[in-house]
Amino acid sequence: MNRFPFEIMFEKHELLERLDLTIPWGHYELRVLRFHLTSFAPGKVIDFHVHAEFEFHFIPRGKGKVILGDQMYPLSEGMLYMTGPGVVHYQEADSEESMEELCLHVDIIEKPRDDVDPWEAAEADEFVAKLRALPLTPAYDYHQAMKCFLEAYTACDGKLIGYYTSIRHLVISILIKAARAYDTGEIVSEAPVRDMSTYRYEYAVQYMEANHSSAVTLDNVAEKLNISSRQLQRIFNQVDPKRPFSRVLEDIRLQAVCRSLEESTSPIEQIAQAAGFTNANYLHAVFRKRMGLTPAVYRNMKQQTTSEGEWI
């Protein structure tokens, strides 16, 4: 006989409910009121009642029935249904078989904020509108929201690093996956899309800054972005025609050299190699051409200015 994977949640049935979970999402605040696994013994009846909050019901095992409004529906393993504020419902387990139910009760309160991400706000608005329009009929947990209950319980029980943040995310995931079970495929809001040229340019520069001391080439940076070297060179030319790849890399290395000259007494040969220049002679030629003075003169000038500033 297969072991019931949610059995562990009966050991500490109030574990998740002890958490004070209030989750900002867009211009809403989600307050978790109930978050648990319960069991209906064979023939168990929960008479007609209502809640002031949204309640999400999932059936991980067993069977029974639910009456939503004035309509009765059979329930079996893998199904879910949602009851909104004021929705009258009745629950009953099968006369010969118990029925387990994962429950998540959430109060959704409007909380307008000025600092919210507009894309997050759009998705939260879309979700709440969809939630209020969901049909009063059970559906199948096609997107496996039930697994989120077990993941949340395991993270909390083990006090895994970042478990509180993980559980907050899992609550939103449960809500979204439940709503997706009724999804018709219509999309109102769309996620932001990157300008790929800008993204690739910024990623390339970031990579060059992190690796400037090694043998950085156009080919290996392009490989990291999974594009051709010709395409990467074209991107650099589009962003700034006066600063091709080689010029940007040289600028990054010169900036590193300048910092070292200002902050350390290391030999110039060592500074040159640490910044990715072949040797001190090559650095000297590039530095003089770009800066109008030698590295040694630059160091003396900067360190003298610093010393005078400290003395004053």
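Coordinates for the structure precede this section.
Just so you know, these numbers come straight off a predicted model, no measurement behind them. (Residues numbered from 1 in each chain as written. Predicted model: local features only at pLDDT ≥ 70, side-chain atom pairs only at ≥ 80, totals over all residues. Heavy atoms only, no water.)

A.B. asks: Can you walk me through the overall build of the protein chain in this structure?
C.D. replies: What the protein chain contains, in helices and strands, is 10 helices and nine strands. Its C-alpha radius of gyration of 31 Å places the protein chain more than 25% over the 20 Å reference for a compact globule of 312 residues. Here the C-alpha coordinates of the protein chain stretch approximately 90 × 45 × 40 Å along the principal axes. Across the protein chain, contacts joining residues at least 24 apart in sequence account for 74% of those joining residues at least 6 apart. For the protein chain, the exposed surface amounts to about 17800 Å²; the carbon and sulfur share of it is 49%. If the 33 positive side-chain charges of the protein chain are averaged to one point and the 45 negative ones to another, these points end up 9 Å apart. (Helix = DSSP H or I, 4+ residues; strand = E, 2+ residues; numbered from the N terminus. Rg over C-alpha atoms; globule rule 2.2 N^0.38 Å. Contact = heavy atoms within 4.5 Å. Areas by Shrake-Rupley, 256 points an atom, 1.4 Å probe, with all protein chains shown as cover. Lys, Arg positive; Asp, Glu negative; His and termini not counted. Charge placed at Lys NZ, Arg CZ, Asp CG, Glu CD.)

A.B. asks: Help me out: how do you make sense of the pattern of salt bridges in this one?
C.D. replies: Close approach of charged atoms allows side chains with opposite charge to pair. By the definition in use, this model includes 12 salt bridges. Put simply, Arg18 and Glu14 hold a salt bridge, and the shortest N to O gap is 3.3 Å. You can call Arg18 exposed: its relative accessible area is 65%. Glu14 gets classed as partly exposed once you look at its relative accessible area, which sits at 38%. Across the pair Lys65 and Glu92 runs a salt bridge whose closest N-O atoms are separated by 3.7 Å. Separated by 27 residues along the polypeptide, Lys65 in strand S4 (residues 54–68) and Glu92 in strand S7 (residues 89–93) bring together distant segments of the chain. (Salt bridge = Lys/Arg side-chain N within 4 Å of Asp/Glu carboxyl O. Buried < 20%, exposed > 50% of the residue type's maximum accessible area, 1.4 Å probe, protein only.)

A.B. asks: How should the pairing of S7 be read in this particular structure?
C.D. replies: Side chains on a regular strand alternate between the two faces of the sheet. Burial analysis of S7 places five of its five residues in the buried class, which makes it a mostly covered element. Residues His89, Gln91 and Ala93 of S7 are buried on one face, and the alternating residues Tyr90 and Glu92, pointing to the opposite face, are buried as well. For strand S3 (residues 45–49) and S7, the ladder comprises three bridges, and the chain directions are antiparallel. Counterpart to Val45 in the pairing with S7 is Glu92. Both S4 and S7 contribute to a ladder of five bridges, which runs antiparallel. Bridge assignment links Ile67 to a residue of S7, and that residue is Tyr90. (Pairing = 2+ DSSP bridges.)

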